[in-house]
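An overview of the molecular structure
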Amino acid sequence: AGADTIAAFGNGASSTLTFFADQNQVTTLAANSVGLNVSWNGALNASVTNNLFSTTAGGSTGVLINSQGNAVNSTIQVLSNNFTGVLGGNTGVNITTGGPSSVIVGAANGIATGNVFNLSGPVGNILNAAPDRGMLFRFAPNTTASIFSNQINLTGDGETGMEFVT
């Protein structure tokens, strides 16, 4: 079983969380771990900027944000972070919105490059590992997303840069 390195959870539909994660270095060593896990049922204003997320085990996620409130607006920004992972099955950014939201994944002001993803799953899948994904999105209706200036480097077989799921 994996572990959450930084986690915030809320269950009040009328609660609001304003969350900033800036200039942190987070390393996960166990498989199926999450570097930053925010699961919030209510209005969410989250900014994750200039952090380094790395894992030395497979099946892990750098940033996992789940905005569960279906009647509230959330603003989520993931800007100019670095994600590294080995052994396959890793996801850099995984964002789910339950209601209308504004999501920005890209470059912070004054920085030319957005998020950088270096995920190296096994070539030839010799370890039977799941493929890596740079970004995974599940957006509610009426969500506006801007995804720009990111660099995605995937070296394993069958890997995906960006995936959108309904």
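What this report covers is the structure whose coordinates are included nearby. (Residues numbered from 1 in each chain as written. Predicted model: local features only at pLDDT ≥ 70, side-chain atom pairs only at ≥ 80, totals over all residues. Heavy atoms only, no water.)

1. Considerations on the pattern of salt bridges
As a reminder of what qualifies: Counted as salt bridges are all cases of a side-chain nitrogen of Lys or Arg within 4 Å of a carboxyl oxygen of Asp or Glu. Helix and strand definitions here come from DSSP, where helices need a minimum of 4 consecutive H or I residues and strands a minimum of 2 consecutive E residues; each element is numbered from the N-terminal end.
Applying the stated criterion across every chain, the model contains one salt bridge. For the salt bridge of Arg133 with Glu163, the shortest nitrogen-to-oxygen distance reads 3.5 Å. Placement of the pair is Arg133 in strand 11 (residues 133-138) and Glu163 in strand 14 (residues 160-165), with a sequence separation of 30 residues.

2. Things to note about the sheet that holds strand 10 (residues 116-120)
Operational definition: Strand pairing follows a simple DSSP-based rule, namely that at least 2 bridges must link the two strands. Where helices are involved, their axes are fitted lines through C-alpha atoms of the stretch in contact, as for all axes, and angles between N-to-C directions lie from 0 to 180°.
Overall, parallel pairing links the five strands, which are arranged 2-4-7-10-13 in an open sheet. Strands at the two margins of the open sheet, each flanked by one partner only, are strand 2 (25-28) and strand 13 (151-154). In this sheet, neighbouring strand axes are inclined to one another by 5° on average, regardless of whether the strands run parallel or antiparallel. Of the pairings in the sheet, the one linking strand 7 (residues 82-86) to strand 10 comprises five bridges and is parallel in character.

3. Quick look at the pairing of strand 10
Bridge analysis of strand 10 against strand 13 gives four bridges, and the strand direction is parallel. Looking at strand 13, one finds that Phe117 is bridged to Ile152.

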